[in-house]
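Working through the structure, step by step
Here is how the chains run, residue by residue.
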Amino acid sequence: MAESSSAKRARFEKQGHASLTTLPSDLGLEILGRVASHSIKDISNVKLTCKELLHLAEHDSVYKKSSLEKFACVHVNLVNKEKPFSHRVDNRCDNGHEDQYIGTLYNFVYSPEEIYSMYRQALFLRRCRKSGNPELLYRDGMVIFFQQNCCSFRENLALQNLKNAALTDHIDAKYVYCTLLMVSEDKEKRNHGLEMFCSLKMTIDLDDCKQRVRSFLRGMWVRRKVVPIHDFSFCNSTICKALNVVNNLDDREITCEYCHADAELKEFCNI
């Protein structure tokens, strides 16, 4: 007679070997979080091993650290509280009604298996969003700010998402957030953005960061451009030696932090 999994585990522990299920929960969550940050496939396989690990892997801290490398930066949202398999149309239809739900739209484009797979992905992303996954907060902030028709409420929501992601040391979110603050009409926000930028450029490779942000924006339909404040610059000196290299941005040549910020804003607005 084959030995049950619980009996195998009991024999394994009796022999003095430690297993993941016998570790303290906080240590187990740390291990599973690192697994999830490396591979979604690996954490999915972990969930299949036993009920204890399945329960542990469903903790918010694991979803918060989950890798989104295999997911598209801009995804289709199939999850709606009222009609899960529906697509929301925000444009006004011929009959004058707004926000209609067309539940059969995807049936003409995707197979039932593809719809189910997309629905599972949407559920996973919603759980990551609820758990405060930094990468998803960054992506949501970028999409809301640059792709959608942004009112003041949605703009604040986008900035809040970017800020929350930046607080977790998400490098790209930090760069975009401080840059958007520097083009704000609020003087206090501009100064705060400048402080963030000056500290950020000392710790990261700005060229790699800007390349990732540029690739992200090129992967979606950008409806909104960042417009710099008219006739504003951080450097107001008339004798600053860095002024002549602002048009050709080179971190090694620009020694004035204010000129560097002005040059960075100019380049960001032209992405």
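Residues numbered from 1 in each chain as written. Predicted model: local features only at pLDDT ≥ 70, side-chain atom pairs only at ≥ 80, totals over all residues. Heavy atoms only, no water.

On to the overall build of the protein chain, then. The secondary structure content of the protein chain amounts to 12 helices and two strands. Taken from the N to the C terminus, the helices and strands of the protein chain come in the order α-α-α-α-α-β-β-α-α-α-α-α-α-α. Considering the protein chain as a whole, with its 271 residues, one finds that 38% of them fall into the buried category. At a minimum sequence separation of 6, the contacts of the protein chain that also span at least 24 residues come to 60%. A total of about 17300 Å² of accessible surface is found on the protein chain, and carbon and sulfur atoms cover 52% of it. (Helix = DSSP H or I, 4+ residues; strand = E, 2+ residues; numbered from the N terminus. Buried < 20%, exposed > 50% of the residue type's maximum accessible area, 1.4 Å probe, protein only. Contact = heavy atoms within 4.5 Å. Areas by Shrake-Rupley, 256 points an atom, 1.4 Å probe, with all protein chains shown as cover.)

This part is about the packing of aromatic side chains. Pairs of aromatic rings are described using the distance from one ring centre to the other and the angle between the two planes. Scanning the entire structure with this criterion turns up six aromatic pairs. With centroids separated by 5.9 Å and ring planes inclined at 75 degrees, the aromatic side chains of Y175 and F268 adopt a geometry described as edge-to-face. With a gap of 93 residues between them, Y175 in helix α9 (residues 171-182) and F268 in helix α12 (residues 257-269) connect regions that are remote in the sequence. Accessibility assignment for this pair places Y175 and F268 in one class, buried. An aromatic cluster is defined as three or more aromatic residues linked by ring pairs; in this entry it consists of F145, F146, Y175 and F268. (Phe/Tyr/Trp six-rings, centres within 6.5 Å; stacked < 30°, edge-to-face > 60°.)

Quick look at the nonpolar core now. For soluble globular proteins, nonpolar side chains are generally found buried alongside one another. In this structure, Y138, M142, F146, V176 and L180 are the most contacted members of the largest nonpolar core, which totals 39 residues. For this core, the secondary structure elements donating two or more residues are α7 (134-146), α8 (152-167), α9, α10 (187-200), α11 (206-218) and α12. Here this core gets eight residues from one element, more than from any other, and that element is α9. In this structure Y138 touches L162, A165, H170, D172, A173, V176, V213 and F216, once residues within four positions along its chain are discounted. One finds L53, L56, A57 and V62 within the second-largest nonpolar core, a separate group that totals 10 residues. (Core = buried A, V, L, I, M, F, W, Y, C linked by side-chain atoms within 4.5 Å.)

Before going further, it helps to spend a moment on α9. Counted at 1.5 Å a residue, the expected span for α9 with its 12 residues is 16 Å, and the 17 Å between its end C-alpha atoms agrees. Within α9, 10 of the 12 residues are buried, leaving the element largely enclosed by the surrounding structure. On its buried face, α9 sits against α7, α8, α10, α11 and α12. (Expected span 1.5 Å × (residues − 1).)

On the secondary structure map, L53 appears in helix α4 (residues 51-57). Separated by 21 residues in the primary sequence, L53 and L32 have C-alpha atoms spaced 8.9 Å apart.

Throughout the structure, instances matching the rule amount to 13 salt bridges. Among the salt bridges present, the one from K47 reaches E58, with a minimum N-O distance of 2.8 Å. Linking K47 in helix α3 (residues 40-47) with E58 in the loop between α4 and α5 (60-64), this pair joins segments that are 11 residues apart in sequence. The exposure class of E58 is partly exposed, given its relative accessible area of 28%. In this structure, the salt-bridge partner of R139 is E135, at a minimum N-O distance of 2.9 Å. (Salt bridge = Lys/Arg side-chain N within 4 Å of Asp/Glu carboxyl O.)

Further remarks concern α8. Over its 16 residues, α8 runs 22 Å from end to end, which matches the ideal 22 Å to within 8%, given 1.5 Å per residue. Turning to α8, the residues buried within the fold contact α7 and α9. Once α8 finishes, D169 follows within two positions and takes phi at roughly 70 degrees, a positive value.

The next point concerns the packing of α7 against α11. The interhelical angle for the contact between α7 and α11, taken along N-to-C directions, is 55 degrees, at an axis separation of 11 Å. Here α7 lies oblique to α11, going by the angle between them. Between α7 and α11 lies a crossing whose hand is right-handed. Facing α7, whose interface residues are Y138, R139, M142 and F146, α11 presents V213, F216 and L217. For the contact of α7 with α11, the class distribution of residues is six nonpolar, no polar and one charged. (Axes fitted to C-alpha atoms, helices over the stretch in contact; angles between N-to-C directions. Parallel < 35°, antiparallel > 145°, perpendicular 65-115°, else oblique. Left-handed = near helix turned anticlockwise from the far one by under 90°. Nonpolar A, V, L, I, M, F, W, Y, C, P; charged D, E, K, R; others polar.)

On average, residues of the protein chain score 75 in pLDDT, and 69% of them are at 70 or above. Between residues 78-106, whose pLDDT stays under 50, and residues either more than four places distant or in other chains, the model counts 44 contacts. (pLDDT = per-residue confidence, 0-100.)

Here we take up unusual backbone geometry. With a phi close to 70 degrees, D169 is a non-glycine residue in the positive phi region. Counting through the fold element by element, D169 comes out in the loop between α8 and α9.

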